[in-house]
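Close look at the chain arrangement
In case you want the letters, here they are:
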Amino acid sequence: MEVKSLGDVHLQINEWLDRYNSAHVDVAGLLCDRHDPQRRALNFESAAGRVESLTYGELADKSRRFAHVLRGLGIEKGDRVALLLPKTPELLIAAVALWRLGAVYIPLFTAFGPEAVEVRVEDSGAKVILTDTARLEATLRRIAAKGTEEALAAPIADGPDWP
């Protein structure tokens, strides 16, 4: 790895700020679409031994398809969407799909307790919580207890073939 001077680092940071400090940055393009579609984007191994990898092409395809689903559910540019998912390929696919729509990704970690999730969702103004079936029932119970009619929790990840 090349060691740069502090001046070079500042120049690089300023170049990035000039290039990407805009309301029109294509995050999905930067993180996914501009890469070789055959190149590996992700290697994943779960604690249970599930092994999976995604190429940039597969990530692009799956995130585009999921963005289409989200658009059909009414998610649009500027909407805040909370993702309550474990660290799996589905989390990455969902985040890239949100960025394709220009939606705001609100990360929720599965290690958060119910109160921590609730505070983050309320403070963020999230329009929807996307979660997996393992967390859906508890999430719906919390929403019902709060009497939040507008809130929606949708199961999105249900195995390695999703979406």
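The sections below set out a description of the structure shown in this document. (Residues numbered from 1 in each chain as written. Predicted model: local features only at pLDDT ≥ 70, side-chain atom pairs only at ≥ 80, totals over all residues. Heavy atoms only, no water.)

1. Things to note about a nonpolar patch on the surface
Nonpolar side chains collect at one region of the surface, where L6, V9, I13, W16 and L17 lie side by side and expose about 480 Å² of accessible area between them. As for its placement among the helices and strands, I13 is situated in helix α1 (residues 6-20). For I13, a relative accessible area of 37% gives the class partly exposed. (Patch = residues over 30% accessible without salt bridge, like charges linked within 9 Å, V, L, I, M, F, W, Y side chains within 5 Å. Areas by Shrake-Rupley, 256 points an atom, 1.4 Å probe, with all protein chains shown as cover. Salt bridge = Lys/Arg side-chain N within 4 Å of Asp/Glu carboxyl O. Helix = DSSP H or I, 4+ residues; strand = E, 2+ residues; numbered from the N terminus. Buried < 20%, exposed > 50% of the residue type's maximum accessible area, 1.4 Å probe, protein only.)

2. Concerning helix α5 (residues 114-124)
The set of residues buried in α5 consists of V117, E118, V121 and S124. Seen end-on, α5 carries its buried residues on one side only, within an arc spanning 145 degrees. When the buried face of α5 is taken as reference, the exposed residues oriented beyond 90 degrees from it are E115 and D123. (Arc of directions from axis to C-beta.)

3. Things to note about the pairing of strand β2 (residues 51-55)
Every second residue of β2 is oriented toward a common face, the buried set being E52 and L54 and the non-buried set V51, S53 and T55. Direction of pairing for strand β1 (residues 40-45) relative to β2: antiparallel, over a ladder of 5 bridges. Bridge assignment links E45 to a residue of β2, and that residue is V51. Connecting β1 to the antiparallel partner β2 that follows it, the hairpin turn spans 5 residues, and G49 within it adopts a positive phi of roughly 95 degrees. (Pairing = 2+ DSSP bridges.)

4. Some remarks on the packing of aromatic side chains
Going through the model one piece at a time under the given rule, you end up with 2 aromatic pairs. On the numbers, 5.8 Å between centres and 75 degrees between planes, the contact of W99 with Y105 is edge-to-face. According to the relative accessible area criterion, Y105 is partly exposed, its value standing at 22%. Where F109 meets F112, the ring centres are 5.3 Å apart and the plane angle is 85 degrees; that geometry is what we call edge-to-face. A relative accessible area of 41% means that F109 is categorised as partly exposed. (Phe/Tyr/Trp six-rings, centres within 6.5 Å; stacked < 30°, edge-to-face > 60°.)

Purely geometric numbers; function is a separate question.
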